[in-house]
Amino acid sequence: MNAWQSLLNGFGVNCMLFAVTLVLAVPLGLIITLGTMAKFKPLKWVMKTFVWIIRGTPLMLQLFVALYAPGLFGHPMSSRMTAALIALVINYAAYFSEIFRGGIESIPVGQYEAGQVLGLTKVQVFFKIVLFQVIKRITPAMGNEIITLVKDTALARVIGITEILMSASRFAASGVIWPLFASGLYFLAFTALLSALLSYAEKRLNYYQG
Amino acid sequence: MSILDVKNMHKSFGNTEVLNGVGFSMEQGEVISILGSSGSGKTTLLRCINFLERADEGQIYVEGNLVFDAAETKNRSAAQIRKAQLNFGMVFQQFNLFPQYSVLENITLAPKLLAKERGDFKSNKKEIFSEIEKNALELIDRVGLAEKVNNYPCELSGGQQQRVSIARALALNPKILLFDEPTSALDPELTGEILKVIRALADQNMTMIIVTHEIGFAKNVSDRIIFMDRGVVAEEGSPEDVIDHPKNERTKEFLSLVDRK
């Protein structure tokens, strides 16, 4: 098999890790946000501690923990891929939750009050008034995280996932060094596509100021 | 029968007593301006009437019906509070328009959501929505913004934004319209257009409570002036009595410090 093809196969794994993590981490992040903003203090502190632990330790360590910790409790992790996804989803959900919280807290209280005096329910105020403004405000920060996620998928190799860097380093080990550099091109191409999509989204949201 | 009765309102924030037993009543079509220095409790009174704050003591009656009683041990449901809230329209100092919606959408949003609760909504959706839009366009015309129907709030001046927010409040046909310092966030040359709109509403017999610093306007538009000081009504009466011949020492002091034109 030629090196380009083998790198492409590896990058397919990166893309899959990226897509699944993004799709699952956004809703999980929202749930964590609700927890960290809860009025019920114990829940709030549990969630805040959780976010602190996830953001305060290396993702690489979390990958090892996801793979090996279940074994300590008598249920060895059967799939390395599952372990990688669990670590990535939880890690990114924690970061997303802080972005969501910042976005929600940045909406002026007057927006809630205006909705309330117009007879909207709390749910309507959130979905019809606040949510869209939050999305507009957090898009740049989310874009940053999403770009970082593309590259962080390469960390999955530390628990033995054959993603693109693992494929490339196999060539390097046999004395062919160029695929290692070539792997960077896949990342550049993918992040270029994502950057274009994100800046399109930002432009679309810029139809109003504020 | 009075359209609004506010009785013995008390409200504290922490150890600061902001309202210390305020009460008044008003008739259908009456315009009351509330004056007073900063911290006298005017805005808090308005926010308590409108359920944005919960008073610690006191009762509110609308057309003789009790809509709020601080002494009730059982909290009223969110739905009951919403229903009571809809007796009032509110115009904020900072406008609080929804930035992502056009002028028209700002005005139709709440009426359209409320229409969903109507029994005949499913069968008459089209007619109901077009009726709401027609009504909104009339209101926009009334506040002189017919050409801005599809503009976004960020494209409007402060005065225009405030006129939209008045139209938005009117779209729900409130019994009483509340204004919280409607011109305080505006440049002086823009306050005139808001005052003109309020004047026109007064002429159409709208019942209004206006918290304001515009003494001259208050005198011109109001049937009655309430002067608040340290959380109580210090003086009330006709504009001529309160503004031109104040009896209370605090009213005299306040009026001597502000521009009366």
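Where do I start with the sheet that holds strand S2 (residues 16–26) of chain B in this structure?
Strand-to-strand pairing in sheets goes through backbone hydrogen bonds, with the strands running parallel or antiparallel. Residues and elements named next belong to chain B. Taken together, the four strands give an open sheet; going across it, the order is S2-S1-S4-S5, and neighbouring strands pair in antiparallel fashion. Edge positions in the sheet fall to S2 and strand S5 (65–69), since each of these pairs with one other strand and no more. Averaged over all neighbouring strand pairs, the angle between strand axes comes to 20°, with direction disregarded. Bridge count for strand S1 (residues 4–13) against strand S4 (residues 57–62) is five bridges, and the pairing is antiparallel.

Looking at this structure, I do not really get the interface of chain A and chain B. What am I missing?
When the parts of a complex come together, some accessible area is lost, and that lost area is often used as the size of the interface. Across the boundary between the two partners, chain A contributes 19 residues, which contact 24 residues of chain B. For the pair chain A and chain B, the summed buried area comes to about 2,000 Å², and 62% of that belongs to carbon and sulfur atoms. A per-residue breakdown of the area chain A buries against chain B is headed by A:Val117, A:Leu118 and A:Lys128, which together make up 32% of the total. Between the two partners, chain A and chain B, sit one salt bridge. B:Arg47 serves as the salt-bridge partner of A:Glu113, at 2.6 Å between the closest nitrogen and oxygen. Here chain A and chain B share eight residue pairs in polar contact (both at pLDDT 80 or more) between them. Secondary-structure elements contributing two or more residues to the side of chain A that touches chain B are helix H5 (109–117) and helix H6 (122–152) of chain A. Counting residues per element, the side of chain A that touches chain B draws most heavily on H5(A), at seven residues.

Would you explain the nonpolar core in this entry?
Among soluble globular proteins, nonpolar side chains are generally buried collectively. Counting 91 residues, the largest nonpolar core has B:Leu4, B:Met9, B:Phe24, B:Leu45 and B:Ile209 as the members making the most contacts within it. Ranked by the residues each element gives to this core, the list is headed by helix H4 (residues 80–105) of chain A, at twelve residues. Every residue in contact with B:Ile209, bar those within four places of it in the chain, is listed here: B:Leu4, B:Phe24, B:Met26, B:Ile32, B:Ile34, B:Leu46, B:Ile49, B:Ile176, B:Leu177, B:Leu178 and B:Phe179.

Definitions and limits used
Residues numbered from 1 in each chain as written. Chains lettered and ligands numbered in written order. Predicted model: local features only at pLDDT ≥ 70, side-chain atom pairs only at ≥ 80, totals over all residues. Heavy atoms only, no water. Pairing = 2+ DSSP bridges. Helix = DSSP H or I, 4+ residues; strand = E, 2+ residues; numbered from the N terminus. Axes fitted to C-alpha atoms, helices over the stretch in contact; angles between N-to-C directions. Contact = heavy atoms within 4.5 Å. Buried area = accessible area lost by both parts, 1.4 Å probe. Salt bridge = Lys/Arg side-chain N within 4 Å of Asp/Glu carboxyl O. Polar contact = N/O pair within 3.5 Å; in protein donor to acceptor, adjacent residues only side chain to side chain. Core = buried A, V, L, I, M, F, W, Y, C linked by side-chain atoms within 4.5 Å. Buried < 20%, exposed > 50% of the residue type's maximum accessible area, 1.4 Å probe, protein only.

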